[in-house]
There are 2 protein chains.
Amino acid sequence: MAQTRLDLDRIRAALEVIDPVFLASPLYRCDALGSQFGCAVSIKLETANPVRSFKGRGTELVASGLAEQGADAVVCASAGNLGQALGWSGRRRGLDVTVVARRLAPAIKLDRIRSLGAHLELVGGDFEVARERAVTIARQRGIRLVEDSLDVETCEGAATIGLELVGALSAGDTVLIALGGGAMATGVGHVLKALVPGVEVVCVQPLGAPALALSWRERRVVTTESMHTIADGVAGRYPIPAVLDDLLQVADDAVLVREATIVAGMRMLLEHAGLVVEPSAALGIAAILEDPDRFAGRHVVTIICGGNVDLDAYYRWVR
Amino acid sequence: MAQTRLDLDRIRAALEVIDPVFLASPLYRCDALGSQFGCAVSIKLETANPVRSFKGRGTELVASGLAEQGADAVVCASAGNLGQALGWSGRRRGLDVTVVARRLAPAIKLDRIRSLGAHLELVGGDFEVARERAVTIARQRGIRLVEDSLDVETCEGAATIGLELVGALSAGDTVLIALGGGAMATGVGHVLKALVPGVEVVCVQPLGAPALALSWRERRVVTTESMHTIADGVAGRYPIPAVLDDLLQVADDAVLVREATIVAGMRMLLEHAGLVVEPSAALGIAAILEDPDRFAGRHVVTIICGGNVDLDAYYRWVR
């Protein structure tokens, strides 16, 4: 079994802690999409919940732990979805939640963070600037900093998706996972390698923000100077060494896709599956589009990880 | 308890027969939508499954019954969603499925019926013409005719949605149900009146296809000469007397909404919930839009019953 920081028993126990509204998300075969590619495509839909992304699975673990410890405040840096999810999980436990985000994050994500009652602090620059600022706030206020992908709860929360996939998978099937900081890939990958080891775990990252995928390929941390991608949810430049170590244990491949293919993937998810998704959620379909022969005749599961997208931008991309 | 043709024990037993891919659909609070209306809005999402509507719940019961009896063929008239669902349920049980539909039904629905391997026969005129033709085919071939809303399996299948709502409802809450032939309204209504009788069951039909709502109001079957609505999924002119009798037992109100409001509801579901829905699925939101004071401060559940919509028409309506 893969040796990572994650623990299968804790992941199973997480099912008892996470609010059921985030669990047992839809998993279904989409024939219309599959017939476009000549393979069987299953959709794991993580957008039909109050925060429209899978991040609530992890923040439920974080916030319930904090509540047990009697903590009253928490801070995170977020591309937008983690902040919403932490806002949601924190609000119902009476936690004071601070979120640091990029000023240029999608307005829909920022608005929702505010509407959940979280304190939102905006910074210039990219996600790494937000991360530094969150570290400072945590230190100054002496409160818990939630670090996506580094904090094992964020990985083990995401890993519960894997538990929900196991029954539908056989050896030779492929699961396509959007790769950002690595929480979803290491989480789902850990569960799959433990329970259905013949399943191929393929991570997908944008060519324009390739740091963790390149790190996986070179088996050492590779950082990048800048990022250029519409997939705001997966854009980071500094992979976390511990996360890379885990990813090396559980991923079979790390694929990079072009921006135009991400857009094409979003369009296909709309036209053939009726789903409005954010760019990160189209990475899996983009991977099939760029290499259809690889997946021909196979069963491929793609995790639709988030649906928080500004509609103006969406129309501009998709039409 | 309401005396209808439906039976709560059979509805509970249906959970063991219906393929799980249609069950336990997402149910979640949508704050972004609720804040637009000053009420709490919960979404029951029936589109995240292989046929993108709730109809699979009923066709699973029909098809499993036919398979048990050793039948090998079945026919139905359909506005499009029932045909898809029967195609799906019939295919996996080796049934020869014939669907009669309007030539002008949404292309997306007709294409999917064909791609599921069903025989598709197209007729001119409206749904009632298709219904007559299906009756003829059933008689000539001596095969089972599935009549939506008349056949109790279609109502009891839809009624399983009600079982999934019960835990989230309290007296004083409202459930908004699209009203077409009446299967969903009588099914869900039967369960709610039995298990949480203080919940208000409100059916919603387009002003342009008001036959069953008018019948409910007048407590007798009212037919109409014609129909003018974009909500193709709920367009019928001849209410079924037995269904009306049931509806009179379980519905607290039958509301009619304008076409422009249905479009506005579709737009709100896209902008505030990220959902692409067919017109019938926006009837509940349309009812809130036309009478927001009625729902202010309350908890309202709207069932998003289908997502099969031609994108060209959708863009035309929503933009």
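Residues numbered from 1 in each chain as written. Chains lettered and ligands numbered in written order. Predicted model: local features only at pLDDT ≥ 70, side-chain atom pairs only at ≥ 80, totals over all residues.

Engineer: Sorry if this is basic, but what is going on with the relation of the copies chain A and chain B here?
Structural biologist: What relates the two chain copies is a rotation about an axis together with a slide along it. Mapping chain A onto chain B calls for a screw motion: a turn of 180 degrees about the axis and a shift of 0.0 Å along it, with 0.0 Å RMSD after fitting. On the angle and the small slide along the axis, the relation comes out as a two-fold axis. Comparing interface residues between copies, 100% of those in chain A also sit at the interface in chain B, which points to an isologous, same-surface contact. (Least-squares fit on C-alpha atoms with pLDDT ≥ 70 in both. Contact = placed C-beta atoms within 7 Å.)

Engineer: Please clarify how the pairing of strand β8 (residues 200-206) of chain B should be interpreted in this entry.
Structural biologist: Within a regular strand, the side chains alternate between the two sheet faces. Residues and elements named next belong to chain B. Most of β8 is tucked away, with six of its seven residues classed as buried. Across five bridges, strand β7 (residues 174-178) lies against β8 in parallel orientation. Counted as the bridge partner of Leu 176 is Val 202 from β8. Read as a crossover between parallel neighbours, the route from β7 over helix α8 (residues 183-195) to β8 is right-handed. (Buried ≥ 20, exposed ≤ 12 C-beta atoms within 10 Å, placed from the backbone. Helix = DSSP H or I, 4+ residues; strand = E, 2+ residues; numbered from the N terminus. Pairing = 2+ DSSP bridges. Right-handed = clockwise from strand over helix to strand, strands pointing away.)

Engineer: What should I look at first to understand the sheet that holds strand β9 (residues 253-257) of chain B in this one?
Structural biologist: Pairing between the strands of a sheet comes from backbone hydrogen bonds, and it takes one of two forms, parallel or antiparallel. All names here are of chain B. Ordered by their spatial adjacency, six strands build an open sheet running β1-β2-β10-β7-β8-β9, and the pairing between neighbours is mixed. Strand pairing shows two members of the sheet lacking a second neighbour, β1 (27-29) and β9, which therefore form its edges. Looking at each pair of strands side by side, their axes are set apart by 25 degrees on average, direction ignored. Sheet topology note: the β8/β9 ladder contains five bridges and is parallel. From the neighbouring strand, Gln 205 faces β9, where its bridge partner is Leu 256. (Axes fitted to C-alpha atoms, helices over the stretch in contact; angles between N-to-C directions.)

Engineer: Is there a simple way to explain the domain arrangement of chain A in this structure?
Structural biologist: By a widely used convention, the size of an interface equals the accessible area lost when the partners come together. Residues and elements named next belong to chain A. Split by domain assignment, chain A resolves into domain 1 (8-53 + 152-318) and domain 2 (56-146). Between the C-alpha centres of domain 1 and domain 2 there is a distance of 23 Å. Between domain 1 and domain 2, the residue contacts involve 27 residues of the former and 22 residues of the latter. Residue composition of the side of domain 1 that touches domain 2, grouped by class: 12 nonpolar, nine polar and six charged. (Domains from an automatic or database assignment. Nonpolar A, V, L, I, M, F, W, Y, C, P; charged D, E, K, R; others polar.)

Engineer: I'm lost on the environment of Arg 29 of chain A in this one. Help?
Structural biologist: Residues and elements named next belong to chain A. Tracing the backbone through its elements, the reader meets Arg 29 in strand β1 (residues 27-29). Look at Arg 29 and you get partly exposed, because 18 C-beta atoms sit within 10 Å. For the pair Arg 29 and Gly 58, spaced 29 residues apart in the sequence, the C-alpha separation amounts to 26 Å.

Engineer: In this structure, what is going on with the packing of helix α11 (residues 259-273) of chain A against helix α12 (residues 283-290) of chain A? I would like to understand it.
Structural biologist: In a packed pair of helices, the relevant descriptors are the angle between the two axes and the axis-to-axis distance. Residues and elements named next belong to chain A. α12 packs onto α11 with a crossing angle of 110 degrees between their chain directions and a minimal axis gap of 8 Å. Between α11 and α12, the crossing angle belongs to the class labelled roughly perpendicular. Within the contact between the two elements, α11 uses Thr 261, Ile 262, Ala 264, Gly 265, Met 268 and Leu 269 and α12 uses Leu 283, Ile 285, Ala 286, Leu 289 and Glu 290. Its residues assigned to classes, the contact of α11 with α12 comprises eight nonpolar, two polar and one charged. (Parallel < 35°, antiparallel > 145°, perpendicular 65-115°, else oblique.)

Engineer: Could you clarify how one ought to interpret helix α5 (residues 107-115) of chain A in this entry?
Structural biologist: Every α-helix winds through 3.6 residues per turn, so residues three or four apart in the chain are directed the same way. Along α5 of chain A, the residues classified as buried are Ile 108, Lys 109, Leu 110, Arg 112 and Ile 113 of chain A. Of the surrounding secondary structure, the elements contacted by the buried residues of α5 of chain A are α4 (81-91), β4 (96-102) and β5 (119-123) of chain A together with α2 (31-37) of chain B. Just downstream of α5 of chain A, Gly 117 of chain A is the residue with a positive phi angle, here 90 degrees.

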